[in-house]
Amino acid sequence: MAEHGTDEPSSRTGSPDGEGQASGDRLSLHQRLAVRELIDTELSYLHLLRLCASDIRSRLQQLPQGDLDVLFSNIDDIIEVNSRFLHDLQETTSREEEKVYLIGNLFLEFQEELERVYRVYCASYDQALLLVETYRKEPELQQEIQSVIEAVVPQAGPSGLSFLLVIPLQRITKYPLLLQKILENTVPDASAYPVLQRAVSALQDVNTNINEYKRRKEVASKYARVEQLTLRERLARLNTHTLSKKTTRLSQLLKQEAGLVPRTEDKEFDDLEERFHWVSLCVTETKNNVAVYLDNLEAFLRFRPQECDLDIAGGPVPEYCKLMRELRLQAFPRFKQRLEGLVWQPLCSLAKALAGPQNLVRKRLDKLLDFERVEEKLLEVGSVTYEEQEARHTYQALNSLLVAELPQLNRLAVRWLGQILCTFVGLQRDLAEQVLQRAEGGLAQLPHYHLSEPAFRKLVEDTLGQNGHQLRSFQENFEKVLPPPTVQPLLPGAERQVQALLSRYGPEKLYQVTSNVSGAGTLDLMLLRGQVVALLQNKDTKGNSSRWLVDTGGHRGYAPAGKLELYHVISGQEEIKGQEGPHQDSHHLAPEPIPAPVPSLPTVTQVVAVYPFVARSSHEVSLQAGQLVTVLEAQDKKGNPEWSLVEVNEQKGYVPSSFLAKAPSPAPWGWSLPS
């Protein structure tokens, strides 16, 4: 019996069935070990991610928030996806017979989610490494970072941040290898074998797609930069290579416009681009409108009616002034502050965020022209250079990235803009409620509080109409007592020249210069304020109506039309009208005695300046039309009544007497609301 028991295993081991069973046992053992390795390493990996996201990130507060966002990227999204993945992975261990099959299906289920989160992290990995290199140039900061990492993850060693940042990249590339190891230890006729094959292929595709996405993002980041360059800087960048590229693109574009070569049609991208341009236009217009609104609000806040004398005694005026004072000190400034922080700044950020994609869309057109040219050459010759092949890949990368991300960008921009507009409406509503709440106590004291809104609106319209009629009546009464229009006094010795121009061209052709003209342009005249010229043609040789051809009596040339006004020739009858009109002799400089009799003004009289007057010497003083003037002496030192010594704004000097008139006294009027 002992010998039979000893020989039996030997014979079973040596048989083909025994060898097959032993091989199957080995495969099963190695398969279980590969599955265990997958689960254990996933558990350890997720633990490290959580340490990075919680302990390490929270202890690196000395770094700017922008740096932390780049370093750890979307690590929270990775933790969320891998946590669910690990949970489902651990549940497969309870079903031993179907475990491998379930693991293969699990990877297929998580394929899209893994690609979505890991491609974002991998795309920002190079930028994170650049930050790590900058930290190494600051020994103190590097030491602080290293101390934090060694305290939380001792196995990181001297690599520090670099060790932690590369872990997600290593993990996503290791998934196909772990699955391949399980597949190699699975018998081909097992039901799990084709599922594992699809899972291995799917994870390899994930890594390929991540690499392609990373390459596209690198191309996009290269062309999305918006640089504000001066013309000199742009010219400095020109060289033979860039000129050649631009010339080739222009040639390709002209061929397409002429119909010599076909244009590449991409209906999908054209639709996306059109929507993107509409979104960009909406953002730009909204930003411009909000800027104008803020300017108007600023102007409104500078105007303080509560500080003005409204010429209304008693009644609701004190209550109104009190309410306006409170609103301008509290409600309106607070509204402006919230408007800038919650509407204007987000709107500027949105416009800035769209600048990069706008540049990419423009660059795509350039790259499309390069792509079409290379495709033509490829069809004709059959081969292209490395640089031309790179141009093809660049266009394909840009186009694929834009087609993939423009829809999401359009949706986000529209949602962002919608939230900004809703915030703007909410701020307006809050302001209205706040104003009504503050005015609630004073509204009852107003005389028309009991009126309905339509009745109050009609009352306001009627009142404004009555007050407008009063203003027009006052204007008409004021104009009745004003002297006829006149001009600035003539330059010394200009009377003879004016008479010559008058006799040659007639009064309707004479104009007077309102301000000095430097004559900087070709054929332009240099003219002095008050000089009289004759109009020859009301436009120049190019048809420009803002540049007139004039004759000074000695020279002909051009003068700006905006600095010329029709000269009023004073007749002999008007010279004896005293205060009803200015005198022709008043064109002389002060104080030149003129024997012509002119009615004088009473000494130390309060009068009104009828016309503006610009002082031309230290003995004269300037006037503004409608300005109150005190007449000290109604003549100059030589007894000439054409010039009066006046005081204006605490300044004394001579002005033409014909420019002064007694203030009219119209019937009294004022503002009033019907009771």
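Per an unreviewed UniProt entry, the chain goes by Rho guanine nucleotide exchange factor 37 and derives from Enhydra lutris kenyoni. Its UniProt record gives the chain the following Function (unreviewed entry) comment, quoted word for word: "May act as a guanine nucleotide exchange factor (GEF)."

**Structural notes on the sheet that holds strand S9 (residues 651-656)**
A sheet is described by the order of its strands in space; here 5 strands give the open sequence S9-S8-S7-S6-S10, paired in antiparallel fashion. The open sheet terminates on both sides in strands that have one partner only, identified here as S9 and strand S10 (660-661).

**Description of the pattern of salt bridges**
Across all of its chains, the model carries 26 salt bridges by this definition. Where Lys 267 meets Asp 271, a salt bridge forms, and the shortest distance between an N and an O atom there is 2.9 Å. With Lys 267 and Asp 271 both in helix H14 (residues 267-302), this residue pair falls 4 residues apart, about one helical turn. Relative accessible area serves as the criterion here: at 58%, Lys 267 is assigned to the exposed category.

**A few points about unusual backbone geometry**
A positive phi angle is found at Ser 73, which is not glycine, with a value near 45°. Turning to its location among the elements, Ser 73 is positioned in the loop between helix H3 (65-72) and helix H4 (75-91). Residue classification places Ser 73 among the partly exposed positions, given a relative accessible area of 24%. With a phi close to 65°, Glu 650 is a non-glycine residue in the positive phi region. Its location among the elements puts Glu 650 in the loop between strand S8 (643-648) and S9.

**Details of the sheet that holds strand S2 (residues 532-537)**
Spatially, 5 strands are ordered S4-S3-S2-S1-S5 in an open sheet, and the strand pairing comes out antiparallel. With one partner strand each, in any of the chains shown, strand S4 (556-560) and strand S5 (564-566) form the two edges of the open sheet. Neighbour-to-neighbour, the strand axes of the sheet open up by a mean angle of 50°, direction not taken into account. As defined by bridge partners, strand S1 (residues 510-513) adjoins S5 across 3 bridges and the pair is classed as antiparallel. In the strand pairing of S5, Gln 512 is matched with Glu 565. Contacts from helix H18 (residues 495-505) reach S1, S2, strand S3 (547-551) and S4, with the element oriented near 25° to S2.

**Some words on helix H5 (residues 99-109)**
Within H5 the residues assigned to the buried category are Lys 99, Val 100, Ile 103, Gly 104, Leu 106 and Phe 107. All buried residues of H5 project into a common sector of 160° when viewed along the axis, lining one side.

**A closer look at empty space enclosed by the protein**
Throughout the structure, instances matching the rule amount to 3 cavities of 30 Å³ or more. Approximately 40 Å³ is the volume attributed to the largest cavity. Lining the largest cavity, in full, are Cys 52, Leu 71, Phe 72, Ile 75, Tyr 121, Leu 161, Leu 164 and Leu 165. Counting residues per element, the ones that place at least two in the lining of the largest cavity are H3 and helix H9 (161-165).

The rules we used
- Residues numbered from 1 in each chain as written.
- Predicted model: local features only at pLDDT ≥ 70, side-chain atom pairs only at ≥ 80, totals over all residues.
- Heavy atoms only, no water.
- UniProt positions renumbered as here; feature names shortened; annotations may be inferred.
- Pairing = 2+ DSSP bridges.
- Helix = DSSP H or I, 4+ residues; strand = E, 2+ residues; numbered from the N terminus.
- Salt bridge = Lys/Arg side-chain N within 4 Å of Asp/Glu carboxyl O.
- Buried < 20%, exposed > 50% of the residue type's maximum accessible area, 1.4 Å probe, protein only.
- Axes fitted to C-alpha atoms, helices over the stretch in contact; angles between N-to-C directions.
- Contact = heavy atoms within 4.5 Å.
- Arc of directions from axis to C-beta.
- 1 Å grid on protein atoms, 1.4 Å probe; cavity = no way out; pocket = protein on both sides within 12 Å on 5 of 7 lines; lining within 4 Å.
- Points joined across faces, edges and corners; volume = space filled by probe spheres on them.

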